[in-house]
Amino acid sequence: SRLSSGVVAWPPRHRRMLAWLPHRRQRVRNALVVAMSTTSAAAAMPPATPRAAYVHLPFCRRRCFYCDFPISVVGSKPGAADAAAERYCALLHREIAASPSRQPGAPPLASLYFGGGTPSLTPPPLLAGLVDGLRDAYGLADGCEVTLEMDPGTFDVARLRAFLEAGVTRVSLGVQSFDDKLLTSAGRSHDAAEARAAVELLMQAQSSAGSPLRSVSVDLIGGLPGEDLASWRRSLNAAATTGAQHISVYDLQVEPRTAYGRWAEAGTLKALPDEALAAEMYREASAVLRAHGLQRYEVSSFGREGHRSQHNSAYWRNEPFFAFGLGATSHLDGVRLARPRRMDAYEAFVRRLEGAEGAGRQHRAAGGQRLTTRGSGGAAASAAGDRGFAAAQAELGVREEGVEAMTTLIMLQLRTTRGLLPAELTPRFGETLAAAAEGACRDAAAELPAEWWVMEAEEASGGGDSGGEGAP
């Protein structure tokens, strides 16, 4: 039988999940450790060639009160990010040039994601240059999904057209709420009217003949201070009636290094929804969005047919991916490598990758395939280059293998409605470990809160999708 998101998942980043899920993850891991001690591990399957790339564009008009992402605040004046973005994009080009490139004949990228930050503050010509640079380095498949995160109030018709001409095919719009009071309390730079206007611009652009914009996604955050079920329902309905083909709903998580975190520690952060209300808000999201034809395919993601996020689906399948930019984490050859979160440290990281001024090199990367980096400089420079990316992977990266690799794969795929079949684990990890994983997940499922099964039954009665993430 299929292991699905109903086995060990709970609403996205929900406070109850945070207390409950790590214990179940540890239980699964412990069962796998015992199984591995009594059997020989199956021969490791080489990871697939990376088909996805993430690029971090960190510029923001201000820092929202819940945000702990690596960003660079540039203010709200028009063009405030332009000079900083030009310098930063030059650094990104250097990192791309100092990173592994695909060998001729290897498959090109199937998805490219520009996240932030507020990537729509980046001048469109600079974004076009990055798309071109990544196309030169890795190739872009026909129909490659190119997502740009955008914020209301950061673009008009002309700027949107320029982004689409740069290669953008999908937009993820950071609305978060359609309630002005809640937007203010979250420190957002836009109001509800700007959010509605932004969605309208996107839908108009998409409806134009020959438009390259294939999907529009809207982000919402539930559980903001002062939010109740009625205001949450209004935001859900407002988002669902825009015509957007995809909606992501996230439950607020208060992080220590944020304004909310500082206020919570001081005891001044008030009116956060309690656990019961937060759970009810997630159930409400599922019900409202399903009623508008958006099916849940991952704990926080709802999409119409043919509009699931291809890029995020690669994450949930635990596939390898490239990543570039401040604070970005790549996943290559079983190693997760996080870039520094401070700009000066990131610049030093890029210089380290470049070795002898970006000299050419070869090393073994994802899939055991021989990858090369661009540049020239002879044998000495090539040796210096080997101490760049490969050394960073070895010294700074975190390798996942054996039990850790299997546990991560299980937990990521169980976020989706597709889940995974135990038989899918067998070729990589062997029959004994696959059986141990299935048993551990079933044991964990027996302890799921009753509310989960109510929601699962509601979704099943509403025709919830059980197909694979990323499927049409």
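Our subject is the structure that appears above.
Residues numbered from 1 in each chain as written. Predicted model: local features only at pLDDT ≥ 70, side-chain atom pairs only at ≥ 80, totals over all residues. Heavy atoms only, no water.

A. Representation of the side chain of Q245 within the structure. Among the structural elements, Q245 can be located in the loop between α8 (229-240) and β8 (246-251). Reaching out from Q245, the side chain makes a polar contact with the side chain of Q206 at a distance of 2.7 Å. (Helix = DSSP H or I, 4+ residues; strand = E, 2+ residues; numbered from the N terminus. Polar contact = N/O pair within 3.5 Å; in protein donor to acceptor, adjacent residues only side chain to side chain.)

B. Seen up close, the nonpolar core. One finds F114, M150, L202, L220, I247, V249 and F324 to be the most contacted residues of the largest nonpolar core, which totals 74 residues. Setting aside chain neighbours within four positions, we find M150 in contact with S120, F155, L160, F163, V171, S172, L173, G174 and L202. (Core = buried A, V, L, I, M, F, W, Y, C linked by side-chain atoms within 4.5 Å. Buried < 20%, exposed > 50% of the residue type's maximum accessible area, 1.4 Å probe, protein only. Contact = heavy atoms within 4.5 Å.)

C. Quick look at the environment of R234. Mapped onto the elements, R234 comes out in helix α8. For the pair formed by R234 and S177, sequence separation is 57 residues and the distance between their alpha carbons is 9.1 Å.

D. Seen up close, the sheet that holds strand β9 (residues 295-298). In space, the nine strands of this open sheet follow the order β9-β10-β8-β7-β6-β5-β4-β1-β11, with mixed pairing throughout. Lying at the two open borders of the sheet, with one neighbouring strand each, are β9 and β11 (322-324). Neighbouring strand axes in the sheet, compared pairwise and without regard to direction, differ in orientation by 20° on average. Bridging between strand β6 (residues 170-176) and strand β7 (residues 215-222) involves six bridges; their strand directions are parallel. Among the inter-strand pairings, L173 is bridged to a residue of β7, identified as V218. (Pairing = 2+ DSSP bridges. Axes fitted to C-alpha atoms, helices over the stretch in contact; angles between N-to-C directions.)

E. Structural view of the pattern of salt bridges. Using the criterion set out here, one finds 13 salt bridges in the structure. R283 serves as the salt-bridge partner of E280, at 3.8 Å between the closest nitrogen and oxygen. Of this pair, E280 and R283 both sit in helix α10 (residues 275-291), three residues apart, which is roughly one turn of the helix. R283 gets classed as partly exposed once you look at its relative accessible area, which sits at 21%. (Salt bridge = Lys/Arg side-chain N within 4 Å of Asp/Glu carboxyl O.)

F. How the structure looks around the pairing of β9. In this sheet, strand β10 (residues 301-303) lies alongside β9 in antiparallel orientation, the contact comprising three bridges. Directly across from Q295, in β10, lies its bridge partner G303. Following β9, the chain reverses through two residues before pairing antiparallel with β10.

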